[in-house]
Amino acid sequence: MTPNYPRDCWYVAATSDEVGSGLFGRKLLDRPVVLYRLESGQVVALADRCAHRGYPLSKGRLDGDLLVCGYHGLRYDTAGACVGVPSQPNVPYGVGVRAYPVREEPPFVWIWLGHPGRSSLHSPPQLPWLSGDGWSSSGETVCVAANYMLVHEHYLDLTHVPEVHPEETPPGLEQLPPLDHVSVSETSVTYTRTLPPAELADWEAEATGLPRDREYKRRHHGTFISPAILAEGWEIDGGDGQLYEQARIHAVTPESPTRTHLFSRFAHNFALDRALVDQHLHAVMAKVMREDVAVIEAIEAAAGYEGSASGIHLIADAGVLQVRRIVARMLAMETGRTSAELDRAPRSASACKTARPG
Amino acid sequence: MDPNSCPVSPFRAMNVSPTATFVGFVTAEKIADVVSTPKFEVEELETDLVVAGRDVLAEGIVALSLEDPTGRPLPGWTPGAHIDLVPNTSLVRQYSLCGSPTDMGTWRIAVLRDQQSRGGSDFVHDKLQVGSSVRVRGPRNHFPLVSAPRYQFIAGGIGITPMLPMIEAAEAAGAQWHLAYGGRKRASMAFVEDLSAYGERVTIWPQDEQGLLDLQGILGSAREDTLVYCCGPEALLGAVEGACASWPTGTLHLERFAAKPGADEPTSGALESFEVVCQRSGITVTVPADRSVFEVLEDAGVSVLGSCLEGICGTCEAAVIEGTPDHHDSVLSEEEQARNDAMMLCVSRSLSERLVLDL
């Protein structure tokens, strides 16, 4: 399958703690990238391939703020320019590796792998759930053996929950009601679903400390913010005037057409002074994430994204179909073919399948 | 749903909690009682914004800066996008976003007071002050800036608005570009001062000083590497269409704010009444002579998006699987209409007894 991901978009390259004092290599959107910190703490991203013989720069070392290739010792500055070759006095003119725009907004390091000039026209989305203000959060990072759209489409339709996560499904909610609402803009899709009153699942009771002998109203909602990020919320009305909110933020970064880095963060806005609640919720959400990944990888192995996307659509797919339109349109604009055909074609719901060439 | 009404989800009507963090990511103080059988709808994002700034830019033109009342970031958009202002149920007007897509907290529009105002521009000029609240819908974009090495932008009057973010994007991408900007007279032309910073890449062309835009001089002969973007009054759009007739298909991108002249004239062979099959929903309806496909589908409970209902905005586009539509919209180009694989449900009808749509 050819790549079906827009490049002109800020993606998460790593979590802040993954980029420590050494060199960190990761393939992102088919490109090998090396990430490291300057002495000031600022993160730099360069193409992870020495301009000389293609040795991965992530296998080299740092000398102050200079990156030294571990093969013949070529030295690169933070802009990727080669500034020293040990075996000769002069530095070949104009030699270097590409430097990628990077922005760190903990817990994420964002990278721009698209057209270099266009990075200034976009900003990584703000994710206040993760900034610590009124929220506590933790996370898990995994590499999923599947196309990135399978990850988005999994989280855009939560009617899988009773089948895939029966232990976490509140008793009485074995059949999720349809979505209330799907709301679209040029670049975003938001869905909401109100759930009928139901008792607490074990994990909800342990996390919230709410009494189990009654039923609670809940609401589930999510927003596709960009091809790089999907945010979900799960709210329980405590009946005590408090709304117990949980957010799952999924940063979705394609590595290749069939592998995806998934950086999921789990945030909650209650019991902020109880570390046990953090640990408990993290354990539950990490288990749920493993179950999600197993399903997504099984689809990729069996059908691939194109096979999956050619399946029938249910009412619950309303959000998925809107997201496919947005992504297809972004791809069409990047390819820049000037025919009216291209301008129009991707607006049909399944056009995402016709990925751009190269 | 009355297509001109402002459907409000039960949550939107409530106060948002201080933790709500993204417009569209609606959050309630308390979860409302579940409606017994809520009617599920796909709708465009609709939200109330406040006027955070108001400036008079030129004669008869005011610019408004719109922000979320709680300071939440707004959804992203790309150059060429527009929003609807929905002051009340019977007044929906489209305005191009003319600020920067990098400003995630503000949407900027510029509005010309139209002497033949149908109420939209009068409302903006007379009723919206700093601090006013206004309902908006969107953004959506049917005038997208497709990647290209060179652009010719042509703006007439208030049609300058979508060109500003396009110029910003062309600059950032390192593309070559030129803007020809015509207007009645210099004092009525907004952003002239800002644009003068670009020197020779911008040609300001006030009609009272220089006459009509010299389109042949501006466009020259057809070029493979250039996309032409034009927004302005119908006379300009028509002239540019004519001047670009010999250019490669797909070169010209137009944005209309009114229906194309003649778009509503009946086509020979058009059927008064026909059948529409919605393949995904499994619903079949008969469209009578006096009702639109959009109205009939909506009444039948098919989830359809709609906004202008005049064939201008493109919101209600549907993919056609079988049958031949009778196009009356001003969105699709002639080539696109001829492909018969998409139609605007609000104004277009049918040339065949049966239309099968991907709905």
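Just so it is clear, the model here is predicted, and its values are computed rather than measured.

Here's the deal with the domain arrangement of chain B
By convention, interface size is frequently given as the accessible area that disappears when the constituent parts associate.
Residue and element names in this part refer to chain B.
Item 1. Considered domain by domain, chain B is made up of domain 1 (1–142), domain 2 (150–255) and domain 3 (274–357).
Item 2. In this assembly, 13 residues from domain 1 lie in contact with twelve residues from domain 3.
Item 3. Secondary-structure elements contributing two or more residues to the side of domain 1 that touches domain 3 are strand S1 (41–44), strand S5 (91–96) and strand S7 (133–140).
Item 4. Residue contributions to the side of domain 1 that touches domain 3 peak at four residues, all from S1.
Item 5. Class assignment of the residues belonging to the side of domain 1 that touches domain 3 gives a composition of five nonpolar, two polar and six charged.

Details of the domain arrangement of chain A
Residue and element names in this part refer to chain A.
Item 1. Looking at chain A, the domain boundaries give domain 1 (10–121) and domain 2 (128–315).
Item 2. Between domain 1 and domain 2, the C-alpha centre-to-centre distance is 34 Å.
Item 3. Facing ten residues of domain 1, the contacting portion of domain 2 comprises eleven residues.
Item 4. Secondary-structure elements contributing two or more residues to the side of domain 1 that touches domain 2 are strand S1 (10–15) and strand S2 (24–28).
Item 5. Tallying contributions element by element places S1 first for the side of domain 1 that touches domain 2, with four residues.
Item 6. The residue makeup of the side of domain 1 that touches domain 2, split by class, is seven nonpolar, one polar and two charged.

Some words on the sheet that holds strand S8 (residues 150–156) of chain B
Neighbouring strands of a sheet are bound in pairs by backbone hydrogen bonds; such pairs are parallel or else antiparallel.
Residue and element names in this part refer to chain B.
Item 1. Spatially, the five strands line up as an open sheet ordered S10-S9-S8-S11-S12, and their pairing is parallel. Edge strands, defined here as strands with exactly one partner in the open sheet, are strand S10 (202–206) and strand S12 (252–255). Between one strand and the next, the sheet's axes are offset by a mean angle of 15°, whatever the strand orientation.
Item 2. Taken together, the six bridges between S8 and strand S11 (residues 226–231) define a ladder with parallel strand orientation. Across the sheet, residue Tyr-151 finds its bridge partner in S11, namely Leu-227.
Item 3. Packing of helix H2 (residues 163–172) onto the sheet brings it into contact with S8, strand S9 (176–183) and S11, and relative to S8 it is tilted by some 165°.
Item 4. Most of the contacts of helix H6 (residues 234–243) go to S11, to which it runs at about 160°, and overall it touches S8, S11 and S12.

Observations regarding helix H1 (residues 148–156) of chain A
Item 1. The buried count for H1 of chain A comes to nine of nine residues, which makes it a mostly enclosed element.
Item 2. Buried within H1 of chain A we find Tyr-148, Met-149, Leu-150, Val-151, His-152, Glu-153, His-154, Tyr-155 and Leu-156 of chain A.

Regarding H2 of chain B
An α-helix turns once per 3.6 residues; consequently, residues spaced three or four apart project the same way.
Residue and element names in this part refer to chain B.
Item 1. By the criterion of burial, H2 is predominantly enclosed, with seven of the ten residues buried.
Item 2. Taken as a whole, H2 has its buried residues at Met-163, Leu-164, Pro-165, Met-166, Ile-167, Ala-169 and Ala-170.
Item 3. The elements touched by buried residues of H2 are S8, S9 and S11.
Item 4. Immediately beyond the C-terminal end of H2, within one or two residues, lies Gly-174, with a positive phi of roughly 75°.

Things to note about the nonpolar core
Item 1. If you look at the biggest cluster of nonpolar residues, it comprises 173 residues, and the most contacted ones within it are Tyr-11, Ala-13 and Ile-111 of chain A together with Phe-153, Leu-179 and Leu-345 of chain B.
Item 2. With eleven residues, the top contributor of residues to this core is helix H6 (residues 318–335) of chain A.
Item 3. Look past the residues within four positions of Leu-179 of chain B in its chain and what remains in contact with it is Phe-153, Ala-155, Met-163, Ile-167, Leu-195, Arg-201, Val-202 and Thr-203 of chain B.
Item 4. Leu-200, Tyr-216, Leu-243 and Tyr-244 of chain A belong to the second-largest nonpolar core, a separate cluster that totals six residues.

Examining the sheet that holds strand S10 (residues 102–105) of chain A
All names here are of chain A.
Item 1. Read across the sheet, three strands follow the order S1-S11-S10 without closing on themselves; strand pairing throughout is antiparallel. Whereas interior strands pair on both sides, the edge strands pair on one side only; in this sheet they are S1 and S10. Across the sheet, the mean angle from the axis of one strand to that of its neighbour is 30°, orientation sign disregarded.
Item 2. By the bridge criterion, five bridges tie S1 to strand S11 (residues 108–112) in an arrangement that is antiparallel. Across the sheet, the residue bridging to Thr-15 is Phe-108, located in S11.

A short note on the pairing of S10 of chain A
All names here are of chain A.
Item 1. Of the pairings in the sheet, the one linking S10 to S11 comprises four bridges and is antiparallel in character. In the strand pairing of S11, Glu-104 is matched with Val-109.
Item 2. Connecting S10 to the antiparallel partner S11 that follows it, the hairpin turn spans two residues.

Quick notes on the rules
- Residues numbered from 1 in each chain as written.
- Chains lettered and ligands numbered in written order.
- Predicted model: local features only at pLDDT ≥ 70, side-chain atom pairs only at ≥ 80, totals over all residues.
- Domains from an automatic or database assignment.
- Contact = placed C-beta atoms within 7 Å.
- Helix = DSSP H or I, 4+ residues; strand = E, 2+ residues; numbered from the N terminus.
- Nonpolar A, V, L, I, M, F, W, Y, C, P; charged D, E, K, R; others polar.
- Pairing = 2+ DSSP bridges.
- Axes fitted to C-alpha atoms, helices over the stretch in contact; angles between N-to-C directions.
- Buried ≥ 20, exposed ≤ 12 C-beta atoms within 10 Å, placed from the backbone.
- Core = buried A, V, L, I, M, F, W, Y, C linked by C-beta atoms within 7 Å.

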